[in-house]
Amino acid sequence: MVGGIYAISAVGLALTYSASRIFNFGHGAIAYFVAMCFYDLNTLHGWPMVPAAVLSIGIIAPATGLLLWAVLFRHLTHADPTVKVVSTIGLYVAIPPLTQFLITDQQIFKAPGLAGTKPAIHDILGVHLNDDQIIIFMAAALVALITGLVLRYTNFGLAMRAVVDSETMSQLVGTNSALVSAGAWAIGSFLAGLAGVLVAPIISLDPTSFAVLVIGSFAAVVIARLRSLSLAFFGALLVGLIGSLSVKYLPSQGVLARGFRPSVPFIVMVVFLIFYARYLPPEARERDRHVSRYLKAGIRAEQPRPLVRGLQLVGLAAVVLAVPLVLNDFWVTIVTGGVALSIIFLSYTVVTGEGGMISLCQITFAGIGAIATAQFATQQGWPLGFAVLAGGLIAVPFGLLVALPALRLGDLYLALATLAFALLMDNIVFPIQRFDQIGVGVNLARPAIGSFGFSSDLRYYYLLVAVFAVFALVVANLRHSTTGMGLAAMRASEPATSTLGFSVLRGKLMLFGLSAFIAGVGGSLLATFRMNALPSDYNALIGIV
């Protein structure tokens with residue numbers, strides 16, 4: 001059943017990526033929006049099931065895809081990969097709250113499906129299936145059949161395959177690649193909406209559940225190397241089958257019993273990423289098509305004169321130091337928490353700003369630092385300062401391990417690998433009783449230097465500002481060092497940089513390890529500020545937002 005949902009969703013993802021080279025991280029958000037539209041029509045306004053399904057799935061879903069293509073995606077076809085990823089992540093962040101604002105923000109536990117509110121149960125070869133589950137299987141089979149026929153026997157399918165093989169050559173023979181891309185986005189959104197309406201009765205209308213379930217279809221698209229629709233479909237069925245069979249062999253209780261099955265898609269994704277990195281040649285990187293733009297940007301970005309720069313820094317320091325003195329206790333607490341978060345955010349300056357890479361697990365590194373610090377400080381009795389430093393260091397090997405297999409394959413695979421790692425940690429490691437403590441976390445004290453403590457938020461504010469300043473100086477010195485020049489050249493063109501003797505892989509791993517360390521320290525300091533290390537505060541989907 002879950003494999004059928006994965007299959008429908010994966011075909012839509014592969015279709016839109018093949019036509020536009022944009023991987024839609026907002027696919028689950030579109031599914032949620034269409035499912036909410038169906039709920040609004042069928043339940044809140046009393047429409048019969050068929051008209052509600054036709055309007056929501058058949059009209060609203062493809063219209064949403066066309067609108068997004070016209071407003072956003074057609075302008076991103078030749079954009080930098082980082083811009084593409086961040087744009088679709090923005091859709092994931094924006095669409096669910098906008099949907100709740102337009103329809104309802106009430107929590108919906110029971111949502112109708114295409115079989116109505118009371119689906120009948122049937123015994124098929126000794127297996128009990130309800131009407132919703134049967135419809136999912138039938139819909140998946142129809143999607144596979146119709147997609148195959150369209151791609152093989154229609155003019156649109158021929159044009160689609162031509163654009164996938166070579167967009168330039170297809171344009172030379174008169175194919176309108178923009179029209180093909182628009183059609184692909186309409187079909188992809190239709191399939192997202194279909195998957196959303198089909199799965200709503202099973203998981204309820206919760207945007208987080210939708211995101212996690214549809215993200216599971218990413219594994220199938222990775223199996224298909226982002227393009228093959230048939231591999232995406234059958235890969236999705238394989239992922240669903242592994243998840244179903246795993247229940248038979250897992251223990252009935254414990255973290256592994258609860259967390260393994262939801263983690264199957266992400267485990268499969270990591271396995272295939274490692275396999276592709278080891279045995280298949282890497283694809284050409286899109287970033288190398290933008291060499292001139294990067295170089296021009298570097299020429300325009302002239303640094304201010306030392307005197308002007310010095311005055312800027314002095315003014316900034318004066319404002320930062322004076323801000324808490326004019327605020328009341330409530331706002332000092334808010335701003336102090338913001339400074340703690342800013343240390344974690346500084347890790348993005350390293351991994352994305354300096355390295356041009358997209359990481360979707362920085363919050364996970366922060367969580368690793370927080371729970372490690374709590375264990376060292378409470379269980380091992382370490383001084384809190386050493387525990388915080390150790391928390392940051394422990395995050396480093398995790399960063400290197402998650403980055404190493406994906407870096408060779410390209411930027412999009414790295415984003416998918418880091419997302420898979422974050423969700424694996426959420427499902428399997430963070431819920432461990434020793435870390436989670438039945439949802440209350442591990443209590444921590446504020447640090448102290450001798451008899452001088454940082455129990456007040458004002459003192460802790462200045463401590464966090466000092467830590468941020470130290471890390472900022474490290475990043476600034478890296479940027480202006482010889483290594484920083486190599487990293488800047490790497491962002492412009494990796495092949496050209498390699499010919500100069502600069503190891504692109506080593507440079508990226510260094511940046512990823514440094515960013516993991518900064519995020520780990522930031523997460524540790526955030527936990528000590530809150531005086532509690534709670535793993536659920538470092539959830540992957542919160543990190544995406």
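So, how was this worked out
- Residues numbered from 1 in each chain as written.
- Predicted model: local features only at pLDDT ≥ 70, side-chain atom pairs only at ≥ 80, totals over all residues.
- Heavy atoms only, no water.
- Helix = DSSP H or I, 4+ residues; strand = E, 2+ residues; numbered from the N terminus.
- Buried < 20%, exposed > 50% of the residue type's maximum accessible area, 1.4 Å probe, protein only.
- Contact = heavy atoms within 4.5 Å.
- Areas by Shrake-Rupley, 256 points an atom, 1.4 Å probe, with all protein chains shown as cover.
- Expected span 1.5 Å × (residues − 1).
- Salt bridge = Lys/Arg side-chain N within 4 Å of Asp/Glu carboxyl O.
- Polar contact = N/O pair within 3.5 Å; in protein donor to acceptor, adjacent residues only side chain to side chain.
- Bend = angle between axes of the 7 residues up to and from the residue.
- Axes fitted to C-alpha atoms, helices over the stretch in contact; angles between N-to-C directions.
- Parallel < 35°, antiparallel > 145°, perpendicular 65-115°, else oblique.
- Nonpolar A, V, L, I, M, F, W, Y, C, P; charged D, E, K, R; others polar.
- Phe/Tyr/Trp six-rings, centres within 6.5 Å; stacked < 30°, edge-to-face > 60°.
- Patch = residues over 30% accessible without salt bridge, like charges linked within 9 Å, V, L, I, M, F, W, Y side chains within 5 Å.
- 1 Å grid on protein atoms, 1.4 Å probe; cavity = no way out; pocket = protein on both sides within 12 Å on 5 of 7 lines; lining within 4 Å.
- Points joined across faces, edges and corners; volume = space filled by probe spheres on them.
- pLDDT = per-residue confidence, 0-100.
- Core = buried A, V, L, I, M, F, W, Y, C linked by side-chain atoms within 4.5 Å.

1. Here we look at the overall build of the protein
Part 1 of the argument: Within the protein, the secondary structure is distributed over 24 helices and six strands.
Part 2 of the argument: In the protein, which comprises 545 residues, the proportion classed as buried is 51%.
Part 3 of the argument: Taking as baseline every contact in the protein between residues at least 6 positions apart, the subset at least 24 positions apart corresponds to 76%.
Part 4 of the argument: Carbon and sulfur atoms form 69% of the exposed surface of the protein, whose accessible area is close to 25,200 Å².

2. Comments concerning helix α16 (residues 362–378)
Part 1 of the argument: If you check α16, its first and last C-alpha atoms are 24 Å apart, about what 17 residues at 1.5 Å a residue would give, namely 24 Å.
Part 2 of the argument: In terms of burial, α16 is largely enclosed, as 15 of its 17 residues are buried.

3. Here's the deal with the pattern of salt bridges
Part 1 of the argument: Inspection of every chain in the model, using the stated rule, returns three salt bridges.
Part 2 of the argument: With its nearest N and O atoms 2.7 Å apart, the salt bridge here joins E354 to R479. Within this pair, whereas E354 is found in helix α15 (residues 329–354), its partner R479 is found in helix α20 (residues 457–479), the two being separated by 125 residues in sequence.
Part 3 of the argument: The partly exposed category is assigned to R479, whose relative accessible area is 40%.
Part 4 of the argument: Taking the shortest distance from any N to any O, the salt bridge between R530 and D537 comes out at 3.5 Å.

4. Overview of the side chain of D436
Part 1 of the argument: Along the chain, D436 falls in helix α19 (residues 433–436).
Part 2 of the argument: You can call D436 buried: its relative accessible area is 17%.
Part 3 of the argument: Within the structure, D436 has its side chain in polar contact with the backbone nitrogen of G439 (distance 2.8 Å).
Part 4 of the argument: In contact with D436, not counting residues within four places along its chain, are F430, P431, G441, L534 and P535.

5. As for helix α3 (residues 49–71)
Part 1 of the argument: An ideal rise of 1.5 Å per residue puts 33 Å on 23 residues; α3 measures up with 31 Å between its terminal C-alpha atoms.
Part 2 of the argument: Residue I60 marks the point of greatest curvature in α3, where the axis turns by about 30°; the proline P62 follows within four residues.
Part 3 of the argument: Considered for burial, the residues of α3 that qualify are A52, A53, S56, I57, A61, P62, T64, G65, L68 and W69.
Part 4 of the argument: Summarising the contacts, the buried residues of α3 are in contact with α2 (27–44), α4 (81–102) and α8 (177–203).

6. A closer look at the packing of helix α21 (residues 482–492) against helix α23 (residues 504–530)
Part 1 of the argument: Between α21 and α23, the least distance of the axes is 11 Å, while the angle of their chain directions is 110°. Of the possible angle classes, the one that applies to α21 and α23 is roughly perpendicular. Of α23, the residues touching α21 (which contributes T483, L487 and M490) are V504, G507, K508, M510 and L511.
Part 2 of the argument: Among the residues forming the contact of α21 with α23, the class breakdown is five nonpolar, two polar and one charged.

7. Notes on the packing of aromatic side chains
Part 1 of the argument: All chains considered together, the criterion is met by 13 aromatic pairs.
Part 2 of the argument: Summarising the aromatic geometry, the rings of F365 and F421 are spaced 6.1 Å apart at their centres and angled 40° between planes, so their arrangement reads as tilted. Taken together, the positions of F365 in helix α16 and F421 in helix α18 (residues 411–429) put the pair 56 residues apart, joining distant regions of the chain.
Part 3 of the argument: Taking the relative accessible area as the measure of exposure, F365 reaches 0% and is therefore buried.

8. A closer look at a nonpolar patch on the surface
Part 1 of the argument: On the surface, L325, V326, L327, F330, W331, I334 and L458 cluster together into a nonpolar patch covering about 710 Å² of accessible area.
Part 2 of the argument: Among the elements that make up the nonpolar patch, the one with the highest residue count is α15 (three residues).
Part 3 of the argument: Looking at the secondary structure, you find L327 in the loop between α14 (306–322) and α15.

9. What to know about unusual backbone geometry
Part 1 of the argument: Located in the positive-phi region is Q437, a residue other than glycine, with phi close to 55°.
Part 2 of the argument: Structurally, the position occupied by Q437 is in the loop between α19 and β3 (442–443).
Part 3 of the argument: On the basis of relative accessibility, which here comes to 32%, the residue Q437 falls in the partly exposed class.
Part 4 of the argument: In this structure, I438 takes a positive phi of about 55° despite not being glycine.
Part 5 of the argument: With respect to the helices, strands and loops of the structure, I438 is situated in the loop between α19 and β3.

10. Some remarks on empty space enclosed by the protein
Part 1 of the argument: By the definition in use, this model includes one cavity of 30 Å³ or more.
Part 2 of the argument: Its volume calculated, the largest cavity comes out at about 90 Å³.
Part 3 of the argument: Lining the largest cavity are F25, G28, I89, Y92, A211, V214, I215, F218, L360, L419 and I544.
Part 4 of the argument: Every element with two or more residues in the lining of the largest cavity is listed here: α4 and α9 (207–215).
Part 5 of the argument: Looking at the lining of the largest cavity, its residues break down into ten nonpolar, one polar and no charged.

11. Some remarks on the confidence of the model for the protein
Part 1 of the argument: In the predicted model, the protein carries a mean pLDDT of 83, and 89% of its residues have values of at least 70.
Part 2 of the argument: When pLDDT is averaged over each element of the protein, α16 comes out on top at 94 and helix α13 (residues 291–300) at the bottom at 43.
Part 3 of the argument: For residues 284–301, every residue scores under 50 in pLDDT, and the model assigns this stretch 34 contacts once sequence neighbours within four places are set aside.

12. Observations regarding the nonpolar core
Part 1 of the argument: Judged by nonpolar contacts, the single largest core of 160 residues is most densely connected at F23, F25 and F365.
Part 2 of the argument: Setting aside anything within four residues of it in sequence, one finds F25 in contact with V85, T88, I89, Y92, F218, L360, L412, A415, L416 and L419.

13. Brief notes about the layout of surface pockets
Part 1 of the argument: Space inside the largest pocket adds up to approximately 770 Å³.
Part 2 of the argument: Lining of the largest pocket is provided by 22 residues; of these, R309, L313, L316, A472 and L473 occupy positions nearest its centre.
Part 3 of the argument: When contributions to the lining of the largest pocket are tallied by element, the ones reaching two or more residues are α14, α15 and α20.
Part 4 of the argument: For the lining of the largest pocket, the leading source of residues is α20, giving eight residues.
Part 5 of the argument: Tallied by class, the residues present in the lining of the largest pocket amount to 15 nonpolar, five polar and two charged.

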